[in-house]
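Commentary on secondary and tertiary structure
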Amino acid sequence: MTDLLATRMAALEDREAIRDLIARYGPLADGGDCAGAASLWTEDGIYEVGGFGSYQGRAAIQALLEGESHQGLIHGGAAHVLSPPVIDLDGDRATARSYSVVFRKAGDSWEAHRASANLWQLVRTHEGWKVAQRVNRLLDGSADARALISGEAS
Amino acid sequence: MTDLLATRMAALEDREAIRDLIARYGPLADGGDCAGAASLWTEDGIYEVGGFGSYQGRAAIQALLEGESHQGLIHGGAAHVLSPPVIDLDGDRATARSYSVVFRKAGDSWEAHRASANLWQLVRTHEGWKVAQRVNRLLDGSADARALISGEAS
Amino acid sequence: MTDLLATRMAALEDREAIRDLIARYGPLADGGDCAGAASLWTEDGIYEVGGFGSYQGRAAIQALLEGESHQGLIHGGAAHVLSPPVIDLDGDRATARSYSVVFRKAGDSWEAHRASANLWQLVRTHEGWKVAQRVNRLLDGSADARALISGEAS
């Protein structure tokens, strides 16, 4: 009985840890802690950003966030808001799917500058759960973004 | 002690399962998996959509999502983003309240096409938690939408 | 073993209770239950609202929500949408950081009227977890709002 409880507890803790990991991205990105944001990934993790490109490794992800585009965004006023993710656990690996909406200050209000689908490939490491790959695609009507959010992407 | 732990665990698992059920709606709706989205409801479940109408049964809900209005929306670029819900458990039944914001591609950015209150009546079935009724009302200042989100709807 | 499980369970329950507390703010604020919204705070809790001011005590917070500005907003059509929070537990105290976006009906759609960083100081009381202090700052590019969301605020 206690063994079964421990197994059920571990599943809840894994889901909580993954939810926490994903929730930390926006605050680090908007706060300008670029190394902190990059450390959510594994050492050789991949961040594929719709409309930008694919970045592999913490140094490349940190450099992306330190670049002119992201820095201009956060210094002009921005909020990288991520939705509650759909999480599918599979032992020491997991996938999560979530929306991200980037709001940007525009005049007296904010505009939804980007609305994207995100597929997260997560892995349990000795440092806890980390992002092995995050694929982000703009929800602009394209079939690949729709496949990504629905879990049908290959 | 172990019995009490099991009871507390079950409550956490119920909340997690309901959170997961609700989080799956957007990805299925935006991905165009209309049968999958409808299967979140019970066989005779109800989806009342503010500004559209009331749809009962999985077939009717699937047909709504396969219809011109929803298909036009997702092929033009859309994100059905749902907020973290407020969940109230009551044995084999539960209610949840959440916001939904539908973003629609408009020019170079996205506009908040709909911002709604949602009241979910949930029920535990042999297939797990399902939606018995989802009432969606546009937050346009009307008293009934405000009552719905605050939990004061009759 | 059972003791350890109980400790782990308590941590999950604390996180769930804090998530629930924060998720209740929007529905109470938009539903116009101003006393209910104020009761999320401790008796002498503080709500510092970017662009408005600092309000201490449940009566002051209730009065703020009963005031012309908030009432005009919700009667014109509004959604106070809060993101999944980042939660850091520390015994009987905790902090949480989240985004809030206030959508306001504008013509045929909604505009993001406010996009803010929120730092929540939470405390366990005999009534459960309550908000000791919520600091809200507009994400308009200012350094203090960025520090708040990234957890670097003093």
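Look a little higher up for the structure.
Some thoughts on the overall build of chain A
Assigned secondary structure in chain A consists of six helices and seven strands. Listed N to C, the secondary structure of chain A is α-α-α-β-β-α-α-β-β-β-β-β-α in terms of helices and strands. In terms of overall dimensions, chain A is globule-like: its C-alpha atoms have a radius of gyration of 16 Å, near the 15 Å expected for 154 residues. Principal-axis analysis of the C-alpha atoms gives chain A an extent of 60 × 30 × 30 Å. With 154 residues in all, chain A has 50% of them scored as buried.

Structural notes on the interface of chain A and chain C
Facing 33 residues of chain A, the contacting portion of chain C comprises 27 residues. Counting only elements with at least two residues in the side of chain A that touches chain C, the list comes to α1 (2-23), α2 (25-31), α5 (68-76), β3 (78-82), β5 (93-106) and β6 (109-125) of chain A. Ranked by residues supplied to the side of chain A that touches chain C, first place goes to α1 of chain A with ten residues.

Thoughts on the interface of chain A and chain B
Facing the 27 residues of chain A at the interface are 33 residues of chain B. Counting only elements with at least two residues in the side of chain A that touches chain B, the list comes to α1, β5, β6 and α6 (143-150) of chain A. Per element, the largest residue contribution to the side of chain A that touches chain B is six residues, and it comes from α1 of chain A.

Quick notes on the pairing of strand β3 (residues 78-82) of chain C
Residue and element names in this part refer to chain C. By the criterion of burial, β3 is predominantly enclosed, with five of the five residues buried. Burial along β3 is two-sided: the residues Ala78, His80 and Leu82 and Ala79 and Val81 are all buried. Sheet analysis places β3 next to strand β5 (residues 93-106), joined by five bridges and oriented antiparallel. Residue pairing for β5: His80 is matched across the bridge by Val102.

A short note on the relation of the copies chain A and chain C
Put simply, the two copies of the chain differ by a rotation about an axis and a shift along that axis. Least-squares fitting of chain A to chain C yields an RMSD of 0.0 Å, with the superposition described by an axial translation of 0.0 Å and a rotation of 120°. What we have between these two chains is a three-fold relation.

A word on the environment of Val135 of chain B
Residue and element names in this part refer to chain B. Topologically, Val135 is positioned in strand β7 (residues 128-138). Judged by C-beta crowding, with 21 C-beta atoms within 10 Å, Val135 ranks as buried. Along the chain, Val135 and Ala96 lie 39 residues apart, while their C-alpha atoms are 11 Å from each other. Setting aside residues up to four positions removed in sequence, Val135 forms contacts with Glu48, Asn118, Leu119 and Leu148.

Conventions and cut-offs
- Residues numbered from 1 in each chain as written.
- Chains lettered and ligands numbered in written order.
- Predicted model: local features only at pLDDT ≥ 70, side-chain atom pairs only at ≥ 80, totals over all residues.
- Helix = DSSP H or I, 4+ residues; strand = E, 2+ residues; numbered from the N terminus.
- Rg over C-alpha atoms; globule rule 2.2 N^0.38 Å.
- Buried ≥ 20, exposed ≤ 12 C-beta atoms within 10 Å, placed from the backbone.
- Contact = placed C-beta atoms within 7 Å.
- Pairing = 2+ DSSP bridges.
- Least-squares fit on C-alpha atoms with pLDDT ≥ 70 in both.

Any functional reading would require information beyond the geometric quantities listed.
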